[in-house]
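# Topology and contacts: notes
Spelled out, the chains give:
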Amino acid sequence: MIFILRINIKILLLCIQIILQRQKLFVTSQSIQNVNVLFINELDNVVASKAMGSVQAYLKKNSNYGLSLRFDKIEANNIDAKALLESICIKYADSIDNNQPPHVVFDATKSGVASDTVKSFASALGLPTVSASYGQDGDLRPWRDMDESKQNYLLQVMPPADIIPEVVRSIVRNVNITNAAILYDGTFMMDHKYKSLLQNIQTRHVITAVADGDIARADQIKRLRNLDINNYFILGSLKTITQILESLKPAYFDRKFAWHAITQNEGQLRPNAEHATIMFLKPVVYPKNQARLEQLKTNYSLNEEPAIMSAFYFDLALRTFLAIKTMLQSGAWPTKMEYLRCDDFQGANTPERNINLKQAFLQVSEPTSYGDFELASHQGKPFNGYSFMNFEMDIRVVQIRSGNSDNSKPIGTWKASLNSPLVISDKKSMENVTAAIVYRISTIVQAPFIMRDETAPKGFKGYCIDLIDEIASIVNFEYTIEEVEDGNFGNMNDNEEWDGVIKQLIDKKADIGLGSISVMAERENVIDFTVPYYDLVGIGIMMLKPSAPSSLFKFLTVLETNVWLCIMAAYFFTSFLMWIFDRWSPYSYQNNKEKYKDDDEKREFNLKECLWFCMTSLTPQGGGEAPKNLSGRLVAATWWLFGFIIIASYTANLAAFLTVSRLDTPVESLDDLSKQYKILYAPLNGSSSMVFFERMANIEQKFYEIWKDLSLNDSLTPLERSKLAVWDYPVSDKYTKMWQAMQETKLPATLDEALARVRNSTTATGFAFLGDATDIRYLVMTNCDLQMVGEEFSRKPYAIAVQQGSHLKDQFNNAILTLLNKRQLEKIKDKWWKHDDIEDKCHKSENQSDGISIENIGGVFIVIFVGIGMACITLVFEYWWYKWRKNPRIIDVAEAKSTPLGKDMKLAEHIILGQTGKEYEDPKNMLRPRFNKNPVNFKPRF
């Protein structure tokens, strides 16, 4: 078994040896392909020069590629375009004269004059070119708007140093950074990044080169800090990053600042700083490319730093040359290629090329040394500006303590791309290294929007504080709030100078203007407003609430006192007259009892009954049985008619009296206010309400001037002028008169002053305040002596003010719309205008209530209690009178014995009162008072 295995191994080795020999014979027999290269580089781009040398050494040592390079090298400065073009044209002409014209131009210029010169040269003469210049789509100006044929042989692949700055964009988006300073050194080219890097991201940022010298760098950071920037990105070598960090004061490393160090190098960050926490980003090679990169460094001197750039130039050049070789060997390269000299170019005689270098470039399968190429191959997507080398950047949080890297913790990665997000594995550490987003808010105190409260976290409370807290929870920021000194939201004077909150925003001393700020056209010219958070707030009129006197016996004031006295006199007179008529009339009940003995109701109209009858006749209960005699009935009917008229008149006058008292309001609208002169009125000085009246007066004056000019225009014909002639004034002057009245009244400076003037006035002659309806509603809600009259006018929205062009506008717009959809704004509004803790519990006045108040009708209940009290007193008096004072005689009635009546006895003698017996049969004793002894069957009634 072992013997057979040994034989198989020998046979295998023999086969391998034969294959290697045949491969060697094939390579040696194969013709070496010569490729002529015009290599154009900048003087300071040492990395590209050494990488090109490594490519030559690599191809020379690895003869199996079958590729031989001949270089024409040009190194140019980035200042003199004319001198560079001349040197290129001379070198190019020499190669044509030597019958060795370049197959390809390898362009290693970075940007600027040198890059534009090379690209103009290649495009004009139609030379296949592969460029490693910096710039995205549209940044290469000479190669803009190329036709399809040129797009196939004029190629650009962006270097890693042009892709790495894109990580700034990803960080800004991930952390929602609102301000940033981006510092870079010579290892990065940022000239073309000023607009594109943070395009369409609402982040206030500055991109500038790092200053030279420690003092200059410290001053540079100080100037940036004065711009209220607290997020810093340093793009440069480890040396540059270390120099900047070491020039900073310790205060720049506190929680308010965030530092991001981004480099192309692979070393460690060790600045001599105290207690610094820094986000450190550097590229890392893919593990699959690690061995090849180390081999190139060891065997082909690919050691120039940064390694990522050396590997990029090496891989790009090798891929380019292999693509040319493939085209030459496959016959895709033109056999007789026309080369135009610089002197022969006339602007439109560029040779037509049928060279598809892009296709050959895409088909090369050579392994890379750092990362694979991401080449744009989709139809419709340009190759240039979208092709680059793939790589990853390691994201770490580095904590520096006393000049040493105390802790370096990986928190994520970023894959190179033009729009690639961060991949964060430790979000908590990411938050710790991020600067706290703190905005400065400028405001004025105005209840209930902004009110001072020492117990509140920020020292303020109110509707706007609740609103900004809700927005902060959505947008994720902190804030500081300060009251503006002059107490104004912002007005513009004749010199177009602003004051108040608006000035703070213009001078960039505040990021947010918060409060009941009205959206006005002139304000929008200098600042930006968010979408309204409070829609259509008008101007209202606030006056002192009329204090109608209340009385428990208000129902008695309907009729005058003399009327009540006359009614009482008529009552007594009618009662007395009815008693007289009933007493003297032969047809009355008391004078004709035998006639009415069979009637069910028998009523004797004595004086007491007459008084009771007349009183009850005025009530719905009625007076009861009327007198029997005709004369008495006529008196009763007359009294009924009198009572009906009196009651009807009283009821009608009571309703009218109460209605008139409810409608006792001197002013109900702005027109009422403008047509009277007793009540003064004015808005706050400098308020939006004042601006409204001032502008309306100016507009009326302008209209009057226009009409006047038309009427007095001599160029008009008599007919045209007659059409403008009217007796009435054609232009309203309401606001002109009102503005004059306001100026004479003197506008109050503060809301407290306006409130005091309103309270010191009366409803007839006093003061009316014109202000925002929200302020007036809150004052009315918290003060029972104030009222809002009329409807709102000149409606306008409230919004949050931000600096012009601020990114906060879009962020706040989204947050406000989110709160609006969740009905959160309505809840906040109800909290401060309907359910406020300090709401004054006011009693409704009669003009606000549904009926008569107890204050005005309570006397009726007092009448009931007085009547009940008088009845109780009368009951006690009756008990006392009949029990103790009168000592009433209480007798028993007994039937007499059934004996025949004597002739001398009267009918009364047959009725014996009291006890029966012989001793009581004496007529003198028939009515016997019992003073000493009560009968046995006597029961007292009290």
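See the structure shown above.
Residues numbered from 1 in each chain as written. Predicted model: local features only at pLDDT ≥ 70, side-chain atom pairs only at ≥ 80, totals over all residues. Heavy atoms only, no water.

### Here's the deal with the overall build of the protein
Of the regular secondary structure elements, the protein holds 28 helices and 28 strands. Counting the 942 residues in the protein, one finds 46% classified as buried. Long-range contacts, defined as pairs at least 24 residues apart, comprise 72% of the intrachain contacts of the protein with a sequence gap of at least 6. (Helix = DSSP H or I, 4+ residues; strand = E, 2+ residues; numbered from the N terminus. Buried < 20%, exposed > 50% of the residue type's maximum accessible area, 1.4 Å probe, protein only. Contact = heavy atoms within 4.5 Å.)

### A short note on the state of the cysteines
As used in these notes, a disulfide is a covalent bond between sulfur atoms, one from each of two cysteines. Scanning the model with the defined rule gives one disulfide in all. Disulfide partner of Cys 89: Cys 342, at an S-S distance of 2.1 Å. Because the torsion about its S-S bond is -90 degrees, the bridge between Cys 89 and Cys 342 counts as left-handed. Within this pair, whereas Cys 89 is found in helix H3 (residues 81–97), its partner Cys 342 is found in the loop between helix H11 (307–330) and helix H12 (357–363), the two being separated by 253 residues in sequence. By relative accessible area, which is 21% here, Cys 342 ends up partly exposed. Here Cys 614 is not cross-linked by a disulfide; its sulfur's nearest cysteine counterpart is in Cys 610, at 6.7 Å. (Disulfide = S-S within 2.5 Å.)

### Focus: the sheet that holds strand S22 (residues 534–544)
Taken in spatial order, the four strands make up an open sheet running S23-S24-S22-S25, and their pairing is mixed. Two strands in the sheet have a free side with no partner beyond their single neighbour: strand S23 (680–682) and strand S25 (786–798). In this sheet, neighbouring strand axes are inclined to one another by 20 degrees on average, regardless of whether the strands run parallel or antiparallel. Relative to strand S24 (residues 767–772), S22 runs antiparallel, the two sharing four bridges. Across the sheet, Ile 539 pairs through a bridge with Asp 772, a residue of S24. Contacts from helix H24 (residues 751–759) reach S22, S24 and S25 within the one sheet, and its direction differs from that of S24 by about 145 degrees. (Pairing = 2+ DSSP bridges. Axes fitted to C-alpha atoms, helices over the stretch in contact; angles between N-to-C directions.)

### Re the side chain of Ser 111
Tracing the chain through its elements places Ser 111 in the loop between strand S3 (104–107) and helix H4 (112–125). Ser 111 gets classed as buried once you look at its relative accessible area, which sits at 10%. The contacts of Ser 111, once residues within four sequence positions are left out, are Glu 42, Asn 78 and Met 189.

### Observations regarding the pattern of salt bridges
Summed over the entire model, instances satisfying the criterion amount to 25 salt bridges. With its nearest N and O atoms 2.5 Å apart, the salt bridge here joins Arg 141 to Asp 116. Of this pair, Arg 141 sits in the loop between strand S4 (129–131) and helix H5 (148–151) while Asp 116 sits in helix H4, and the two are 25 residues apart along the sequence. Judged by its relative accessible area of 52%, Arg 141 is exposed. (Salt bridge = Lys/Arg side-chain N within 4 Å of Asp/Glu carboxyl O.)

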